[in-house]
Amino acid sequence: MSTYFQPQKYPATEFASTSATDEALPVVVVGAGPVGMGVVLGLAQRGIPVTVLEAADQVSFGSRAICISRHSLEVAARLGFGPELEKIVLPWVGGRSFYRDEQVLHFEMTHGDHDVRGPMVNVSQSEIEQIMTDTLLAHPLITFHWSSSVAGVLRSDEDVTLDVDTAFGARRLRARWVVAADGGRSRMRELAGIRLQGNSYQGNYVIADIHWESTLPAERMVWFDPPSNPGSTIIMHQQPRDIWRIDYQLDSADDAELETQEDRIRDRITRHLDWLENDVPWTLEWHGFYRAHALALDDFTHGRILFAGDAAHLVPIFGVRGLNSGMEDAETLAWTLAAVIHGTAGESLLQAYSAERRAAWQQNVDNAGKSTLIMSPGSHGYRTTRDAVLALATTRPEFGHLVNPRQSSATHAHLSPLTWPVAVGTTGVLPGDPMEDRRVRVTTADGSVQSSLNRVRGTGFAVLGVGVDPAGARMIAAHASALAMALSPETVRAVVVPAPGAAVAVAGAADLTVLDDPDGALAQALGASAGDCFVIRPDGLVLCRVRDLSLLGDVRDHLKTATAPALGVVPTHTETTATPDELLRENVWMGLSEALDQAGESDREGFLTRLALLLGSQSGRREFEEALAAASHVSGKVSSGTPRHSHADA
């Protein structure tokens, strides 16, 4: 019996238009996908009434985005639906890639004992949306209108008027702010007369969800040129309740309309599962189709219309950055828009949101683009080098890292106008970095109890002091209290890690949380010295890191004007854990691909021969002979047709 999730349908909503004498609605959010609902929850959490317009009569159907990062789970927890979501997810930590029937990569994402959550979980987007919808419908500040599609937009300096088509006729709503979160085919974007800019990649993929009671592990599995579907690329992921997601690439010569018919999809999947020696019945539950895109608006703010998620940007799906980056959009937009509405910051704060999140899109594209060039190479050069990398990796494992999908991780805001500079030479967690959630122990009057950094710092701002004495703790608490008054209703919490031997009072200190860090593990993870103080934003990014605690008094003014102090240097990190050898191979792969694309079609073999002669003359005779042998060894490899990843050895 199928366990596939079936969304609940909702009756069309009847509502009245906003009259000329009515006060404008504070915020209307167009689109009830995860991003739109994330913005709604964040605003309502800050006391702002929100109206939601959703064109459909249910949440989306089908898995769509299924891989949810650790960081997105943290966002879900802060927005209030995390506990329910985490009840139904399927955790996983790594994956395997195969070239034909040979394994060429086994990767694991970073995870350790200090982590509150694993690096990644799987669950269908449809189920995420249902949990979020249930949370929204129970909130007194949220008004939800189903079967309500926007047909027209009229903008002014003070508000936005939306013409809305409903089952009960045309309606008109006027709002102070409108958030457009209506997806990749955004009607709001069309009505605003703006377009996404960027690149679309070659390569079409069919996606399908099947119910299959398999014993294969919960990991990301990819086959390049598998004997079951020669020339194709197949991706498999397990979801909860024995649902499996299968993505496979179509050949450029394939008729996409024909290949998305159910009988052709069943045939492709049957061939692959038979090759995996499957003897378990399965059913096709849902299917879809996609191409990879790297597109974005130049600016995510257009007057009083603010864009988020796929309405603002599209990223290649490889590395699962779409929904995960969209949840970052939602949380950042929620606290910045709330600050503007409450009058604790100027509208320039929304320009900071736009600058940050467009820069985050570029970070995602830079990483996902490399994965896309492996998964779906769009030129002769990249196809040639991709196939060569895969063939080499069967006998030279050091080439396998080029196939790594570069899974989604939290983006940074180093170049944000909000991010404070640091002193030259500062290392560790820097302003603009995401503050990693981790297990901590809280000191109480009755002893220490286990908690997490996210739980301790709350859903608003936090001021975290490391290695402080009692006087420093009191100063941090005072600054946090003053900042809370200035940013109200945004919360601000004070958290301190006492210096070794310092007795920071906890009895009656309702405005101060004291952490127990006897072995210095937290300070070491932060790269913090005694006296360092971090201000953490509601979305988990570090706003500033200071040693002079008196500077905390400047935070409010800089937030109000969306600026940062001028002194210091822009914080930067090397955003890769790759070794020098891995970086060299990556540069060789990409450089050679580009050079092949530039070579004349009739001169490609000549170009490669000249290149080999030049490189060979710069190496020793032994090294060159070994390289010739390695290249010759893989060039003649032919798949045996026998799966190396069957049920028995999974």
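Residues numbered from 1 in each chain as written. Predicted model: local features only at pLDDT ≥ 70, side-chain atom pairs only at ≥ 80, totals over all residues. Heavy atoms only, no water.

Participant: Sorry if this is basic, but what is going on with the overall build of the protein here?
Facilitator: Across its full length, the protein carries 17 helices and 26 strands. Judged by the C-alpha coordinates and their principal axes, the protein covers about 75 × 70 × 50 Å. Sequence separation of at least 24 residues holds for 74% of the intrachain contacts in the protein that already meet a minimum separation of 6. Put simply, the protein shows about 27500 Å² of open surface, and 52% of that area lies on carbon and sulfur atoms. Here the protein carries 54 positive and 80 negative side-chain charges, and the mean point of each set is 2 Å from the other. (Helix = DSSP H or I, 4+ residues; strand = E, 2+ residues; numbered from the N terminus. Contact = heavy atoms within 4.5 Å. Areas by Shrake-Rupley, 256 points an atom, 1.4 Å probe, with all protein chains shown as cover. Lys, Arg positive; Asp, Glu negative; His and termini not counted. Charge placed at Lys NZ, Arg CZ, Asp CG, Glu CD.)

Participant: Help me understand the packing of helix α1 (residues 34-45) against helix α8 (residues 322-342), please; the structure alone is not making it clear to me.
Facilitator: When two helices pack together, their arrangement is given by the angle between the helix axes and by the axis-to-axis distance. Two numbers describe how α1 lies on α8: the axes approach to 8 Å, and their chain directions differ by 30°. With respect to their mutual orientation, α1 and α8 come out roughly parallel. Considering how the two elements wind past one another, α1 and α8 form a crossing that is right-handed. Where α1 approaches α8, its residues P34, V35, G38, V39, G42 and L43 are matched on the opposing element by L323, G326, M327, A330, L333, A334, L337 and A338. For the contact of α1 with α8, the per-class residue count stands at eleven nonpolar, three polar and no charged. (Axes fitted to C-alpha atoms, helices over the stretch in contact; angles between N-to-C directions. Parallel < 35°, antiparallel > 145°, perpendicular 65-115°, else oblique. Left-handed = near helix turned anticlockwise from the far one by under 90°. Nonpolar A, V, L, I, M, F, W, Y, C, P; charged D, E, K, R; others polar.)

Participant: Looking at this structure, how should I read helix α2 (residues 70-79)?
Facilitator: Spacing of three or four residues puts side chains on the same side of an α-helix, whose turn is 3.6 residues. Within α2, nine of the ten residues are buried, which leaves it mostly tucked inside the rest of the structure. The first or second residue beyond α2 is G80, which carries a positive phi of 100°. (Buried < 20%, exposed > 50% of the residue type's maximum accessible area, 1.4 Å probe, protein only.)

Participant: For this particular structure, what's the right way to read the side chain of R386?
Facilitator: One can find R386 in helix α10 (residues 380-393). Separated by 2.9 Å, the side chains of R386 and D387 make a polar contact. Not counting chain neighbours up to four residues away, the residues in contact with R386 comprise F224, T233, L373, I374, M375 and P377. (Polar contact = N/O pair within 3.5 Å; in protein donor to acceptor, adjacent residues only side chain to side chain.)

Participant: What's the story with the domain arrangement of the protein in this structure? I'm lost.
Facilitator: Interface extent is often summarised as the accessible area lost during association of the parts. When its domains are assigned, the protein resolves into domain 1 (25-403) and domain 2 (433-561). Using only C-alpha atoms to locate each centre, domain 1 and domain 2 end up separated by 33 Å. Domain 1 puts 21 residues into the contact, and the matching count from domain 2 is 23 residues. Both faces combined, the contact of domain 1 with domain 2 buries some 1900 Å², and carbon together with sulfur accounts for 46% of it. Of all residues in domain 1, R78, W335 and T344 give up the largest surface area on contact with domain 2, accounting jointly for 32% of the area buried on that side. Between domain 1 and domain 2 we count three salt bridges in total. (Domains from an automatic or database assignment. Buried area = accessible area lost by both parts, 1.4 Å probe. Salt bridge = Lys/Arg side-chain N within 4 Å of Asp/Glu carboxyl O.)

Participant: Can you help me understand the packing of α2 against α8 in this one?
Facilitator: α8 packs onto α2 with a crossing angle of 35° between their chain directions and a minimal axis gap of 9 Å. As for how α2 packs across α8, the hand of that crossing is left-handed. When α2 is examined against α8, the residues H71, S72, V75, R78 and L79 are found in contact with a partner set consisting of N324, M327, E328 and E331.

Participant: Where do I start with the pairing of strand β12 (residues 197-212) in this structure?
Facilitator: Residues in a regular strand point their side chains to alternate faces of the sheet. The pairing of β12 with strand β16 (residues 282-296) spans 13 bridges and is antiparallel. Along β16, the bridge assignment pairs N204 with R291. With eight bridges connecting them, β12 and strand β15 (residues 243-250) associate as antiparallel partners. When the sheet's bridge partners are listed, D209 is paired in β15 with R245. (Pairing = 2+ DSSP bridges.)

Participant: Explain the side chain of S60 here, please?
Facilitator: As for its position among the elements, S60 is in the loop between β2 (50-53) and β3 (67-69). When neighbours within four sequence positions are excluded, S60 is seen to be in contact with P7, Q125, S126 and E129.

Participant: Help me out: how do you make sense of the nonpolar core in this one?
Facilitator: A general trend in soluble globular proteins is that nonpolar side chains are found buried together. One finds F81, L162 and F307 to be the most contacted residues of the largest nonpolar core, which totals 101 residues. Two domains share this core, each providing at least three of its residues, namely domain 1 (25-403) and domain 2 (433-561). In contact with F81, other than residues within four places in its own chain, are L41, A76, I128, I131, M132, T135 and M327. The next biggest cluster of nonpolar side chains, apart from the first, holds 38 residues, and it includes F107, M109, I207 and L402. (Core = buried A, V, L, I, M, F, W, Y, C linked by side-chain atoms within 4.5 Å.)

Participant: For this particular structure, what's the right way to read the sheet that holds strand β13 (residues 220-224)?
Facilitator: Strand pairing in a sheet relies on backbone hydrogen bonds. The paired strands run either parallel or antiparallel. The strand order across the open sheet formed by eight strands is β6-β5-β13-β14-β15-β12-β16-β19, and the pairing between neighbours is mixed. Looking at strand neighbours, the two that pair on one side only are β6 (102-108) and β19 (313-314), the edges of this open sheet. For β13 and strand β14 (residues 233-239), the ladder comprises four bridges, and the chain directions are antiparallel. In the strand pairing of β14, V222 is matched with I235. Running over the sheet, helix α9 (residues 348-375) touches β12, β13, β14, β15, β16 and β19 and is turned about 120° from β16. The sheet contacts of α10 involve β5 (94-99), β6, β12, β13 and β14, and relative to β5 the element is tilted by about 105°.

Participant: Please explain the packing of aromatic side chains as it appears in this structure.
Facilitator: Aromatic rings in a pair are described by how distant their centres are and how their planes are angled relative to each other. Counted under the stated rule, the structure contains nine aromatic pairs. Judged by centre distance (5.4 Å) and plane angle (85°), the rings of W335 and F461 are edge-to-face. Of this pair, W335 sits in helix α8 while F461 sits in strand β22 (residues 461-468), placing them 126 residues apart in sequence. Assigned by exposure class, W335 and F461 land together as buried. One aromatic cluster is present, built from ring pairs that chain together Y10, F144 and W146. We note R304 situated over the ring of W177; from NZ or CZ to the ring centre the distance is 4.3 Å. Cation over ring: R585 sits above F399, and NZ or CZ is 5.9 Å from the ring centre. (Phe/Tyr/Trp six-rings, centres within 6.5 Å; stacked < 30°, edge-to-face > 60°. Lys NZ or Arg CZ within 6 Å of the ring centre and 35° of its normal.)

Participant: Explain the pattern of salt bridges to me, please; I cannot follow it from the model alone.
Facilitator: Where charged atoms of side chains with opposite charge meet at close range, the side chains can pair. In this structure the tally under the stated criterion is 36 salt bridges. With a closest N to O distance of 2.9 Å, E84 and K87 form a salt bridge. A relative accessible area of 42% means that E84 is categorised as partly exposed. Taking the relative accessible area as the measure of exposure, K87 reaches 61% and is therefore exposed. The partner of R358 in a salt bridge is D298, and the shortest N-O contact between them spans 3.7 Å. With a gap of 60 residues between them, R358 in helix α9 and D298 in the loop between β16 and β17 (301-302) connect regions that are remote in the sequence. With a relative accessible area of 58%, D298 lands in the exposed category. In this structure, a network of salt bridges that share partners links the residues D254, E259, R264 and R268.

Participant: Would you mind going over the environment of D603 with me for this structure?
Facilitator: Relative to the helices and strands, D603 resides in the loop between α15 (580-598) and α16 (604-617). Classification of D603 as partly exposed rests on a relative accessible area of 31%. Expressed as a C-alpha distance, the spacing of D603 and V123, which sit 480 residues apart in the sequence, is 49 Å.

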